[in-house]
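Per-entry structural report
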Amino acid sequence: MEKGQAAEQGALERVREWLKSWPGYGKIGEIRADYTDQTTGGGMYPRGITELGRSRDILGGAAVRQRLDFKLNFVLPKAPGEDLEATENAEWLLEFQQWVQRQSAEGLAPRFGNTGQENEKWIAAGGSLQQADEGGFAVYTATLSTEFTIKYEVI
């Protein structure tokens, strides 16, 4: 977590606020935590933190490399057999993934580490159509991940 941005805003809210800055966000309107409405919006499902590595310094402190994962669902209009909407939705999803990569490369994505922040990265991977219904809506998914390092000092 960035210095000065302690616990006043949790990880989910920080990510949601950041996603709202994406130019294509208006197509979904809202991202809910642990819930996806069947007709509009999106859902963000935390998948937890995975430890990727750990090192210790000579004073006994530890630096832990971590990955935080989220599954994202996006409900978009898609009439059965409609190629134009399907193509627009697929392009939208690809643009989202490129936006995440660009935000990460430019240092504009949220940061969760307290050391080595220049090595933090975000990716949005695995974007695909998950399901479509006869009612004219489809659920597209992507996995949003960030890698960062937290340094724990010996007290």
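Scroll up to find the structure this text is about.
Before going into details, it helps to say that this report is about the structure given with it. Quick caveat: nothing in here was measured; it's all calculated off a predicted structure.

Structural notes on helix α1 (residues 11-19)
- Within α1, the full set of buried residues consists of Arg-14, Val-15, Arg-16, Trp-18 and Leu-19.
- Those residues of α1 hidden inside the fold are in contact with β1 (31-33), β2 (42-56), β3 (62-77), α2 (83-105), β4 (121-132) and β5 (137-152).

Considering α2
- If you check α2, its first and last C-alpha atoms are 33 Å apart, about what 23 residues at 1.5 Å a residue would give, namely 33 Å.
- Where α2 is concerned, the buried positions are Asn-89, Trp-92, Leu-93, Phe-96, Gln-97, Trp-99, Val-100, Gln-103 and Ser-104.
- If you follow the buried residues of α2, they end up packed against α1, β3, β4 and β5.
- Near the N-terminus of α2, the side chain that reaches the backbone nitrogen of Leu-84, with its oxygen 3.2 Å away, is that of Glu-82.
- Once α2 finishes, Gly-107 follows within two positions and takes phi at roughly 75°, a positive value.

Re the side chain of Ser-104
- Within the fold, Ser-104 resides in helix α2.
- The exposure class assigned to Ser-104 is buried, which follows from its relative accessible area of 14%.
- Aside from chain neighbours lying at most four places away, what touches Ser-104 is Ala-109, Glu-120, Lys-121 and Trp-122.

Focus: the sheet that holds β2
- Judged by pairing direction, the sheet is mixed, and its 5 strands sit side by side in the order β1-β2-β3-β5-β4 without closing on themselves. Edge positions in the open sheet fall to β1 and β4, since each of these has one partner strand only. Neighbour-to-neighbour, the strand axes of the sheet open up by a mean angle of 30°, direction not taken into account.
- Judged from the 13 bridges that link them, β2 and β3 form a sheet pairing that is antiparallel. For Arg-56, the partnering residue across the bridge sits in β3 and is Ala-62.
- Packing of α1 onto the sheet brings it into contact with β1, β2, β3, β4 and β5, and relative to β1 it is tilted by some 170°.
- Across the sheet, α2 is in contact with β3, β4 and β5; its angle to β4 comes to roughly 165°.

Digging into the nonpolar core
- In this structure, Val-15, Trp-18, Leu-19, Phe-74, Phe-96, Trp-122 and Leu-144 are the most contacted members of the largest nonpolar core, which totals 28 residues.
- Within the residue set of this core, elements represented by two or more residues are α1, β3, α2, β4 and β5.
- If you tally residues by element for this core, the top one is β5, at 6 residues.
- Residue contacts for Phe-74: discarding those within four places in its chain leaves Ile-28, Ile-31, Gly-41, Gly-42, Trp-92, Leu-93, Phe-96, Ala-138, Val-139 and Tyr-140.

Criteria and thresholds
Residues numbered from 1 in each chain as written. Predicted model: local features only at pLDDT ≥ 70, side-chain atom pairs only at ≥ 80, totals over all residues. Heavy atoms only, no water. Buried < 20%, exposed > 50% of the residue type's maximum accessible area, 1.4 Å probe, protein only. Helix = DSSP H or I, 4+ residues; strand = E, 2+ residues; numbered from the N terminus. Contact = heavy atoms within 4.5 Å. Expected span 1.5 Å × (residues − 1). Polar contact = N/O pair within 3.5 Å; in protein donor to acceptor, adjacent residues only side chain to side chain. Pairing = 2+ DSSP bridges. Axes fitted to C-alpha atoms, helices over the stretch in contact; angles between N-to-C directions. Core = buried A, V, L, I, M, F, W, Y, C linked by side-chain atoms within 4.5 Å.

Nothing here speaks to function; it is geometry throughout.
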